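# Report on the structure
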Amino acid sequence: MIDNKLKDKDGFETMYLNMGPQHPSTHGVLRLGLVLDGEVIVSAEPDIGYLHRGMEKLAEHRTYQANIAMSDRFDYVTSMNNNFVVALAIEKLLGVEIPKRAHYLRILMAELNRVVNHILLFGFFAMDLGATTALIFGFREREEVLDLFESVTGARLTYNYFRVGGVARDLPEDFIQKTGAFIKLMRKRIKDYDDLVTNNVIFRDRSVGIGKISKEDILAYSLSGPVMRASGIKYDIRKDDTYSVYKEFDFNIPTREDGDCFDRYLLRMLELRESLKIIEQVLVKLEPGEIMAKVPKVIKPPAGEAYIRTESPKGELSVYLVSDGTVNPYRFHLRAPSFINLQILQKILPGVKVADVIAILGSIDIVLGEVDR
Amino acid sequence: MNVSYGLENIWLWFTALLEKLFGWFGLPYIFAYTIEKIIFAAALLAFISISVLFLIWMERKVSAHIQSRLGPMHVGGWHGWAQTIADMVKLLFKEDIIPAKADKWVHRIAPIVVFVPSLMAFLVIPFEKNLIGQDLNVGILLIFAFSSLAVLAIIMGGWASNNKYTLIGGIRSAAQMVSYEIPLVLSVLSVVMMVGSLKLNDIVEAQSRVWFVFSQPLAFMLYIIAGTAEVNRTPFDLPEAESEIVSGYNTEYSGLKYGFFMLSEFTNMLIVSLVAATVFMGGWLGPKWLPLPGIIWLLLKTYLIVFVLMWVRWTFPRLRVDRLMDFGWKILIPLAFINIFITGLFMVIFK
Amino acid sequence: MTEPRYLNDIKGKFPGTEAVLPEKIKDGIPAFDCPPSLILDIVKYLKAEGFNYLMNLCATDYKDTFEVIYHLSALESKAKITLKVKINREKPELASITPLHPGANWQEREAFDLLGVVFTGHPNLTRILLSCDWEGYPLRKDYSRKPDQYD
């Protein structure tokens, strides 16, 4: 609990402000207990758990395949990436090799979903700073990707596309051509984004130098993903601890040096371009072939455990999976990037303004479905 | 200028008729005068309400098209023209909630206090030379005096709601409006210096050769920026910054009272644009070769400025509170003073 | 490829530490069973050896014991290591590594919340995901929930 009797630096009473769980821009049901001295934060404490659905417990009562379906609900913005890590973990326990085409399809979907996530971040971050139009712009492009996903999986939010040993369905006929068109469109739209938001004076004024996170803090607080790379640590699990067939693709890991809100935002915009690059390469490399490996009907991995790391759009999304040889996992632990990245708030919030709280929260990019699980 | 097809002719004819009528019955002039003013006020009120309804609809359409949407399309048939009316009806029927621990009377009065001054300011705006509530010789000063009263209501609303978000909103608004009033008035002051009168009709007539927007461009820009801040619109919408403090000072208002806050917001925007059109863009003056009633010219100019304000709102993010103060005190006010100084210098040199 | 020094060092410097059989660990990360009393020292030693990044911290209920699992990584050399600590199920106490890795803060709170592992030395060991009046620890295998009005 936070101390309500905290005094400000002149010895006057402070104000305790409950930001959330119902608040327009806490990205869900996050509650921030803020002690305010006027507009300045004296201390802050995030309070989470409002969306806790007990997923780790639920996982122990579901079959392995059903857990992939459940993983859609972790971070409901990037379901494909969640599917990816769970499928990888189960395959690691089973010891299955999956066909080439399945690998490519997985990467294609994961990167498309990364694009979706970063577009949404663009919209929401700008929205948090008061620029409403950017949100609609972001959603407009997201629709395009959702249409692509819908044509493959039949769903627009919870795709449940990955299977143990491959993927559920092959691509529809015109998918490649449509995706190519989308990439072209997206490249044009990124320019619009830059004109509207990135190069806006007020936007820069609001985000440059706000919420700086030092390299030391990144390591100490185990922050990962874009937040980490924005502070100058060049580390991307896709490259540095590679999984699936990411090593076949040529892409850069963008980094920024300052670690402020603007860098975190800009890094996503740069990553967006890299993701488009990967998608283009996948589309070229795709060859007809099997999309499912031979896996038993009832999935019973031998007893053992595995810790599988992937790079989700929000950071290191990992699964610690323990099998006892039955049809259900013995232990399923999710290392949720949002959950761990959120910890830094306590450290960097004191001293900033109320308006910056929103900016920092937006730039860290959390989804409460993943924080609370 | 002798524009002979203005709306004012009808008005002058009507008042003359009224006065004659009263003269026949042997009633003193004061009765005719009172009735004239009451009719004018009623007409003004109707004009304001219709304008505000239109402005809200326009805001929604403009924002929609900026964001590649369509906006309201169904209510009323043609492009959802009746959407605002439907919204107003909805607001009328909504439950009126007063928070349990609110300062009830202050909470009730605040929407009235915010709305009345913004209506009063219309009194001195010349829609045409003679189409004016009262051509006071302190006209422009009166407008600023009334529009600065709005901050009182916002603090009242923010304080009385007994909510921390509304309190922050109210305090922010106080700081912001007090500091942006200064550049607002100072920017108009340079125009007043050139005209030598505070009377709005004098200011308009002084622009028969060249508009002040061309001879005082800096003042115009300062006025538009400070005016945007004065009416709490993005990028200066901190008092009701939705993503930060929920809805600012009117978080706890609902139904009709919320409607009043919203109405006054749009009325204020209308005033700021009307004053900008009057002081800087020649008011009811139009080109001689296109004989249209002066009020049409005034409204055209006004809506042009309204459109610019909307355009800005849907493009820019919001400033932060300390940067807002910096901008007001360290940039706008010095610039306004420099502008006044230069204006004075030129006046002395080219006397 | 030679074995990195720390793998031998861990066994040598910290008596009671044993490598876990690689058959059980499918992800190929070297794993060690560590005695509970030494965990803080081992993490400290590894931090000095470059394992500066705590990837993950979680606990598992193995019915007779609890196991707390630390996944550490060295960002420079990209090496990874898993530490496993078996603790008494009756009195599940373990030293907190939050002073060394502040990022462990919420993960330890989560383990406390869901499994009831008490991390001594933790700055603020309270429930994090569940409400503060929750009874029991849901991820324990013997946890049974009281039926509520929805059942």
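To be clear, the structure that these remarks concern was listed above.
Here goes a summary of the coordinates provided. This is a predicted model, so every value here is computed, not measured. Sequence order as written defines residue numbering, which begins from 1 separately in each chain. The order in which chains are written sets their letters, starting at A; the order in which ligands are written sets their numbers, starting at 1. For a predicted model such as this one, the threshold for reporting local features is a pLDDT of at least 70, and the threshold for listing and counting side-chain atom pairs is 80 or more; totals across whole chains, interfaces and linings nevertheless cover every residue. Side-chain figures throughout are based on the complete set of non-hydrogen atoms in the structure, without hydrogens or water.

## Topic: the pattern of salt bridges
Residue and element names in this part refer to chain A. The criterion, for reference: Basic side-chain nitrogens of Lys or Arg form a salt bridge, by our definition, when they fall within 4 Å of a carboxyl oxygen of Asp or Glu. Exposure is judged per residue with a 1.4 Å probe applied to protein chains only, and the accessible area is read against the type maximum: over 50% gives exposed, under 20% gives buried, and values in between give partly exposed.
Under the definition given, this model contains 53 salt bridges over all chains. Between R238 and D236 there is a salt bridge, with its nearest N and O atoms 2.9 Å apart. What makes R238 buried here is its relative accessible area of 3%. A network of salt bridges, in which partner residues are shared, links E111, R114, R229, D236, R238, E271 and E311.

## Here's the deal with the interface of chain A and chain B
The criterion, for reference: In this description, contact between two residues means that some pair of their heavy atoms is separated by no more than 4.5 Å. A quick way to say it: buried area is the sum, across both parts, of accessible area lost when two parts are put together, with a 1.4 Å probe. Here a polar contact is recorded for every N or O atom pair within 3.5 Å, except that within protein the pair must consist of a potential hydrogen donor and a potential acceptor, and residues adjacent in sequence are included only if both atoms are side-chain atoms. Starting at the N terminus, helices and strands are each numbered in turn, a helix being any DSSP run of H or I of at least four residues and a strand any DSSP run of E of at least two. Side-chain classes follow a simple rule in which Ala, Val, Leu, Ile, Met, Phe, Trp, Tyr, Cys and Pro form the nonpolar group, Asp, Glu, Lys and Arg form the charged group, and the remainder, Gly included, forms the polar group.
At the junction of the two partners, chain A supplies 33 residues and chain B supplies 26 residues. Buried surface at the junction of chain A and chain B, both sides included, amounts to about 2500 Å², of which 59% is carbon and sulfur. The closest approach of N and O atoms between R323 of chain B and D205 of chain A, which form a salt bridge, is 2.8 Å. Remark: the boundary between chain A and chain B carries 10 residue pairs in polar contact (both at pLDDT 80 or more). Those elements giving two or more residues to the side of chain A that touches chain B turn out to be β1 (15-19), α4 (100-128), α5 (132-153), α7 (201-207) and α14 (354-364) of chain A. Residues belonging to the side of chain A that touches chain B are distributed by class as follows: 18 nonpolar, 8 polar and 7 charged.

## What about the interface of chain C and chain A?
With 43 residues of chain C at the contact, the number on the chain A side is 44 residues. Notably, a salt bridge pairs D240 of chain A with K78 of chain C, separated by 3.2 Å at the nearest N-O pair. Here chain C is connected to chain A by 19 residue pairs in polar contact (both at pLDDT 80 or more). Elements represented by at least two residues in the side of chain C that touches chain A include exactly β3 (53-61), β4 (65-73), β5 (80-88) and α3 (104-115) of chain C. Ranked by residues supplied to the side of chain C that touches chain A, first place goes to β3 of chain C with 9 residues. Class assignment of the residues belonging to the side of chain C that touches chain A gives a composition of 21 nonpolar, 10 polar and 12 charged.

## Some remarks on the arrangement of the chains
Between all 2 pairs of chains that are in contact, chains A and C come out with the most contacts. Taking C-alpha atoms as the reference, chain B and chain C come no closer than 25 Å and do not contact one another.

## Here we look at helix α1 (residues 7-24) of chain B
Residue and element names in this part refer to chain B. What counts is decided by this rule: Take the residue count of a helix, subtract one, and multiply by 1.5 Å to get its expected span.
With 18 residues, α1 extends 26 Å from end C-alpha to end C-alpha; this agrees with the ideal 26 Å at 1.5 Å per step. Contacts made by the buried residues of α1 are with α2 (29-66). Just past α1, the residue G26 takes up positive phi, approximately 75°.

## Points about the packing of α5 of chain A against helix α6 (residues 175-198) of chain A
Residues and elements named next belong to chain A. Defined as follows: Axis lines are fitted to C-alpha atoms, over the contacting stretch for helices. Their N-to-C directions set the angle, which ranges from 0 to 180 degrees. Orientation is classified from the angle alone, with under 35 degrees giving roughly parallel, over 145 giving roughly antiparallel, 65 to 115 giving roughly perpendicular, and any other angle giving oblique.
Packing of α5 against α6 brings their axes to within 11 Å, and their N-to-C directions diverge by 170°. Classified by the angle their axes make, α5 and α6 are roughly antiparallel. Two secondary-structure elements touch here, α5 through T133, A134, F137, G138, R140, E141, E144, V145, L148, S151 and V152 and α6 through F175, K178, T179, F182, L185, M186, R189, Y193, L196 and V197. Its residues assigned to classes, the contact of α5 with α6 shows 12 nonpolar, 4 polar and 5 charged.

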